[in-house]
Amino acid sequence: MLHLEFNSDSENEGIARIVTAAYIMKFDPDMEEMDDIKTAVSEAVTNCIVHAYHDPDGKISMDLSDQNGILRIEIKDQGIGIPDVKKAMEPMFTTKPEEERTGMGFSFMEAFMDQVEVISKQGEGTTVIMTKKIGDQDKLNG
Ligand SMILES: Nc1ncnc2c1ncn2[C@@H]1O[C@H](COP(=O)(O)OP(=O)(O)O)[C@@H](O)[C@H]1O
Ligand SMILES: [Mg+2]
């Protein structure tokens, strides 16, 4: 289990990706798994930075853990929250079209991970929990 807390500064998005890559090395992931997981983390963290807070001092946490070959990534902010999660997760839905957002962040997370759960409350923040079966199980079991 690894817990990381950082400010909603765009510089930290790259750090979150690298920490995730380092964490999953033990699974001996192939290039595709590596890229998929890093992209999902990148989308979730970028959302916290771009949507949750209006300033770079907001706190974002990332928890990485795994059990029985299932990787679990939890990314959490205490920002503005999402009024309608179902709608927000629709492909091409964005509340920031003027900033050239594509509205595909949640779609990518869902495409690249096995499961994506979003818990959000307006004014309290958003938690994204993503899981994915990872690595060669035979290899891990020795
Ligand atoms: N952490 C968050 N806090 C507040 N709103 C969010 C958060 N993540 C996503 N959203 C909302 O969900 C919408 C869709 O997110 P996403 O699919 O990543 O598309 P995009 O980021 O391109 O707008 C965002 O436009 C925003 O309104
Ligand atoms: Mg996004």
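A quick note: this is a predicted structure, and the numbers were derived from the prediction, not measured.

Caption draft 1: Geometry of the side chain of S8. For S8, the location among the structural elements is in the loop between strand 1 (2-7) and helix 1 (11-24). Every residue in contact with S8, bar those within four places of it in the chain, is listed here: I49, Y53, D55, P56, D57, G58 and I60.

Caption draft 2: Quick peek at the nonpolar core. Formed by 34 residues in total, the largest nonpolar core has its most connected members in M62, I73, I75 and M130. Going through the elements one at a time, helix 1, helix 2 (31-52), strand 2 (59-67), strand 3 (70-77), helix 4 (105-112), strand 4 (115-121) and strand 5 (125-133) are the ones with two or more residues in this core. Ranked by the residues each element gives to this core, the list is headed by helix 2, at 9 residues. Ignoring any residue separated from it by four or fewer positions in sequence, one finds I73 in contact with T20, I37, V41, M62, D63, L64, M113, V128, I129 and M130.

Caption draft 3: Summary view of the sheet that holds strand 1. Strand order in the open sheet formed by 5 strands is 1-2-3-5-4, with antiparallel pairing between adjacent strands. With partners counted over all chains shown, the strands left at the sheet margins are strand 1 and strand 4, one partner each. Neighbour-to-neighbour, the strand axes of the sheet open up by a mean angle of 15°, direction not taken into account. With 7 bridges joining them, strand 4 and strand 5 adopt antiparallel strand pairing. Looking at strand 5, one finds that E117 is bridged to I129. Helix 1 contacts strand 1, strand 2 and strand 3 of the sheet and is inclined by roughly 10° relative to strand 2. Running over the sheet, helix 4 touches strand 4 and strand 5 and is turned about 25° from strand 5.

Caption draft 4: Broad picture of helix 1. Taken residue by residue, helix 1 has N12, E13, A16, V19, T20, A21, Y23 and I24 as its buried positions. The inward-facing, buried residues of helix 1 abut strand 1, helix 2, strand 2 and strand 3.

Caption draft 5: Structural detail: the pairing of strand 5. Burial within strand 5 is extensive, with 8 of its 9 residues counted as buried. Judged from the 8 bridges that link them, strand 3 and strand 5 form a sheet pairing that is antiparallel. Residue pairing for strand 5: R72 is matched across the bridge by T131. Counted along the chain from strand 4 to the antiparallel partner strand 5, the turn is 3 residues long, and its residue G123 has a positive phi close to 80°.

Caption draft 6: Main features of the side chain of K96. Note on placement: K96 falls in the loop between helix 3 (85-88) and helix 4. For K96, a relative accessible area of 18% puts it in the buried group. Not counting residues up to four positions away in its chain, the partners in contact with K96 are V50, H51 and R101.

Caption draft 7: Quick look at the site of ligand 1. The environment of ligand 1 is formed by 18 residues, the closest being H51, D77, T94, T95 and G103. Between T94 and ligand 1, the recorded distance is 2.5 Å, taken from a side-chain N or O atom to an oxygen atom. For ligand 1, whose accessible area on its own is 530 Å², the fraction buried by protein is 95%. Taken atom by atom, the bulk of ligand 1 overlaps the largest pocket.

What counts as what
Residues numbered from 1 in each chain as written. Chains lettered and ligands numbered in written order. Predicted model: local features only at pLDDT ≥ 70, side-chain atom pairs only at ≥ 80, totals over all residues. Heavy atoms only, no water. Helix = DSSP H or I, 4+ residues; strand = E, 2+ residues; numbered from the N terminus. Contact = heavy atoms within 4.5 Å. Core = buried A, V, L, I, M, F, W, Y, C linked by side-chain atoms within 4.5 Å. Buried < 20%, exposed > 50% of the residue type's maximum accessible area, 1.4 Å probe, protein only. Pairing = 2+ DSSP bridges. Axes fitted to C-alpha atoms, helices over the stretch in contact; angles between N-to-C directions. Near = heavy atom within 4 Å. Polar contact = N/O pair within 3.5 Å; in protein donor to acceptor, adjacent residues only side chain to side chain. Areas by Shrake-Rupley, 256 points an atom, 1.4 Å probe, with all protein chains shown as cover. 1 Å grid on protein atoms, 1.4 Å probe; cavity = no way out; pocket = protein on both sides within 12 Å on 5 of 7 lines; lining within 4 Å. Sits in = over half its atoms within 2 Å of the grid points.

Shape is all these values report; function is a separate question.
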